[in-house]
Amino acid sequence: MARNWTRDELILAMSLYCRLPFGKFDKGNPDVMQLADTIGRTHSSVAMKLSNLASLDPFHQERGIKALPNASKADRQIWQEFHSDWEGLADECLRLESEYHLQPAEDSLEEQPLFSGETESTRVTKVRRAQRFFRSTVLASYEYRCCITNINLKELLIASHIIPWSEDSTKRADPHNGLCLNALHDKAFDRGLITLDEEYRLIYSRLLHESLTIDCMNQFFKPYEGKSIHFPLRFRPDQECLQKHRDQVFLT
């Protein structure tokens, strides 16, 4: 008789789903094999679980991509848990990965402010876990390519928050609140010099046009103005988040 998946195992599977590029869920993937061996399941079983989770993703449903259609009630529950509390589940994911010695290679993390109200060590741990989960999920979703320029050098890529980290705790680890940008366009987006419209097309502020030389604009910005971003393979940027960026951050 097949053994039911525990909640911890489902969280680990969901974490792996989030940080693996889409289309790399096969049983021969080293990360799939490592998770399977760690939790005592077959490589095929873990690969199937990842495909079941993919079948719950509305983005793939909209694209007409069908994964295995036999997701369980527990699969649906863990999917909903993540979408209801990304930061809490990110913390739990990385705690479990540490306990099971499944920690992926360390990524450099963008510096974020720390907040009062918790002990220093707990606060730092939660911040780092949320940062790490957000970065790995966003970059994997965009296949480690800048969504504006298509630059694919990992050292130049940043998982950018659409709604700033400090403004909404529910969005800190939510990959729908993320864009994969190169360092230059990340800074421009963060400072409100660029934004995206309702069709995900790039808009530049008047300040950017007025402050840069024609050569600089032509080299770094002009080729992309008015063009749509390259979409991620999951966790499409949330339009409500983008609307807030246009209303509250963007310098018209």
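Remember, predicted model here, so these are calculated numbers, not experimental data.

Draft legend 1. Spatial organisation of the packing of helix 1 (residues 7–19) against helix 6 (residues 86–99). The interhelical angle for the contact between helix 1 and helix 6, taken along N-to-C directions, is 105°, at an axis separation of 9 Å. For the element pair helix 1 / helix 6, the angle class is roughly perpendicular. Only Trp86, Leu89, Glu92, Cys93, Leu96 and Glu97 of helix 6 make contact with helix 1, whose side of the interface consists of Arg7, Asp8, Ile11, Leu12, Ser15, Cys18 and Arg19.

Draft legend 2. Broad picture of empty space enclosed by the protein. A complete count under the given rule lists 3 cavities of 30 Å³ or more for this structure. As a volume, the largest cavity reaches approximately 60 Å³. Lining the largest cavity, in full, are Leu12, Leu16, Arg19, Asp31, Gln34, Leu35, Glu97 and Leu102. Breaking the lining of the largest cavity down by element, the ones donating at least two residues are helix 1 and helix 2 (30–39). Partitioning the lining of the largest cavity into residue classes produces 4 nonpolar, 1 polar and 3 charged. Considered as a void within the structure, the second largest cavity measures approximately 40 Å³ in volume. Lining the second largest cavity are Ile162, Ile163, Pro164, Glu167, Cys241, Lys244, His245, Gln248 and Val249. Residues of the lining of the second largest cavity, tallied by class, amount to 5 nonpolar, 2 polar and 2 charged.

Draft legend 3. Structural detail: the nonpolar core. Counting 38 residues, the largest nonpolar core has Tyr17, Val46, Leu50, Phe82 and Phe133 as its most contacted members. Residue assignment for this core shows that the elements contributing at least two residues are helix 1, helix 2, helix 3 (43–54), helix 5 (73–84), helix 6 and helix 7 (120–141). At 8 residues, the largest contribution of residues to this core is made by helix 1. Counting 28 residues, the second-largest nonpolar core is a separate cluster that includes Phe134, Cys147, Leu157 and Leu196.

Draft legend 4. Broad picture of the pairing of strand 1 (residues 157–161). The buried count for strand 1 comes to 5 of 5 residues, which makes it a mostly enclosed element. Of the two faces of strand 1, the one lined by Leu157, Ala159 and His161 and the one lined by Ile158 and Ser160 are each fully buried. Pairing of strand 1 with strand 2 (residues 178–182), which is carried by 5 bridges, proceeds in the antiparallel orientation. When the sheet's bridge partners are listed, alanine 159 is paired in strand 2 with cysteine 180.

Draft legend 5. The arrangement of the packing of aromatic side chains in detail. For the structure shown, the criterion picks out 8 aromatic pairs. Taking 5.8 Å as the distance between ring centres and 75° as the angle between the ring planes, the aromatic pair formed by phenylalanine 82 and tryptophan 86 counts as edge-to-face. We classify tryptophan 86 as buried; its relative accessible area is 2%. Centre to centre, the rings of tyrosine 204 and phenylalanine 221 are 5.7 Å apart; their planes meet at 85°, and the pair counts as edge-to-face.

Draft legend 6. Just the environment of arginine 145, in detail. Locating arginine 145 in the fold gives a position in the loop between helix 7 and strand 1. Separated by 87 residues in the primary sequence, arginine 145 and proline 232 place their C-alpha atoms 9.3 Å from one another.

Draft legend 7. View of the confidence of the model for the chain. Averaged over every residue, the pLDDT of the chain is 88; residues scoring 70 or more account for 88%. In this model, residues 105–116 is a region of pLDDT below 50 whose contacts with residues beyond four sequence positions or in other chains number 29 contacts.

Draft legend 8. How the structure looks around helix 8 (residues 183–190). Among all positions in helix 8, only His185, Asp186, Ala188 and Phe189 are buried. Along the axis of helix 8, the buried residues cluster in a sector spanning 165°; they form a single face. Buried residues in helix 8 make contact with strand 1, strand 2, strand 3 (194–196), helix 10 (214–220) and helix 11 (239–248). If you check the start of helix 8, you find a side-chain oxygen 3.0 Å away from the backbone N of leucine 184, and it comes from asparagine 182. Positive phi appears at glycine 192, one or two residues downstream of helix 8, with a value of about 80°.

About the criteria used
Residues numbered from 1 in each chain as written. Predicted model: local features only at pLDDT ≥ 70, side-chain atom pairs only at ≥ 80, totals over all residues. Heavy atoms only, no water. Axes fitted to C-alpha atoms, helices over the stretch in contact; angles between N-to-C directions. Helix = DSSP H or I, 4+ residues; strand = E, 2+ residues; numbered from the N terminus. Parallel < 35°, antiparallel > 145°, perpendicular 65-115°, else oblique. Contact = heavy atoms within 4.5 Å. 1 Å grid on protein atoms, 1.4 Å probe; cavity = no way out; pocket = protein on both sides within 12 Å on 5 of 7 lines; lining within 4 Å. Points joined across faces, edges and corners; volume = space filled by probe spheres on them. Nonpolar A, V, L, I, M, F, W, Y, C, P; charged D, E, K, R; others polar. Core = buried A, V, L, I, M, F, W, Y, C linked by side-chain atoms within 4.5 Å. Buried < 20%, exposed > 50% of the residue type's maximum accessible area, 1.4 Å probe, protein only. Pairing = 2+ DSSP bridges. Phe/Tyr/Trp six-rings, centres within 6.5 Å; stacked < 30°, edge-to-face > 60°. pLDDT = per-residue confidence, 0-100. Arc of directions from axis to C-beta. Polar contact = N/O pair within 3.5 Å; in protein donor to acceptor, adjacent residues only side chain to side chain.

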